[in-house]
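Structural overview
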Amino acid sequence: MIVKKGLPEELATLLRQLVVNGSIRIAGTTLFVYFKRCWQLDDDLAAYYMRRYFEKYYGNQLQRHRERTAKG
């Protein structure tokens, strides 16, 4: 039987706190480094997983972040 592990609860809580406080870039960097070190992924795959995670769980916040950064 395959057991899905997902992210540790402490990491999910940290990401949620960072996103709520408006530090989505720091949250993304944290998740990227976690994927690289703990899951031993290459840069491209870690970046892909990071983007998908934020699109799935924090879509509204990600959209606002993208709008702010596009304005300059």
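Keep in mind it's a predicted model, so treat the numbers as computed, not measured.

**A few points about the pattern of salt bridges**
Under the counting rule described, the total for this entry stands at 4 salt bridges. The partner of Arg 16 in a salt bridge is Glu 9, with the nearest N and O atoms 3.9 Å apart. A relative accessible area of 38% places Arg 16 in the partly exposed class. With a closest N to O distance of 3.6 Å, Glu 55 and Arg 66 form a salt bridge. Remark: Arg 66 occurs in helix H4 (residues 59-71) and Glu 55 occurs in helix H3 (residues 43-57); sequence separation between them is 11 residues. Here the residues in one salt-bridge network are Arg 52, Glu 55 and Arg 66, joined through shared partners.

**Some points on the nonpolar core**
Counting residues in each nonpolar core, the largest one holds 17 residues, and the members touching the most others are Leu 15, Val 19, Ala 27, Leu 31, Phe 35, Tyr 53 and Phe 54. Every element with two or more residues in this core is listed here: helix H1 (9-20), helix H2 (24-38) and H3.

**Comments concerning the packing of aromatic side chains**
Tallied over the entire structure, the rule returns 10 aromatic pairs. One aromatic cluster is present, built from ring pairs that chain together Tyr 34, Phe 35, Trp 39, Tyr 48 and Tyr 49.

**Observations regarding H3**
An ideal rise of 1.5 Å per residue puts 21 Å on 15 residues; H3 measures up with 21 Å between its terminal C-alpha atoms. Listed in full, the buried residues belonging to H3 are Ala 46, Ala 47, Met 50, Tyr 53 and Phe 54. Here the buried residues of H3 occupy an arc of 125° about the axis, which is enough to place them on one side. Opposite the buried face of H3, by more than 90 degrees, sit the exposed residues Asp 44 and Lys 56. In this fold, the buried residues of H3 make contact with H1, H2 and H4.

Calculation notes
Residues numbered from 1 in each chain as written. Predicted model: local features only at pLDDT ≥ 70, side-chain atom pairs only at ≥ 80, totals over all residues. Heavy atoms only, no water. Salt bridge = Lys/Arg side-chain N within 4 Å of Asp/Glu carboxyl O. Buried < 20%, exposed > 50% of the residue type's maximum accessible area, 1.4 Å probe, protein only. Helix = DSSP H or I, 4+ residues; strand = E, 2+ residues; numbered from the N terminus. Core = buried A, V, L, I, M, F, W, Y, C linked by side-chain atoms within 4.5 Å. Phe/Tyr/Trp six-rings, centres within 6.5 Å; stacked < 30°, edge-to-face > 60°. Expected span 1.5 Å × (residues − 1). Arc of directions from axis to C-beta. Contact = heavy atoms within 4.5 Å.

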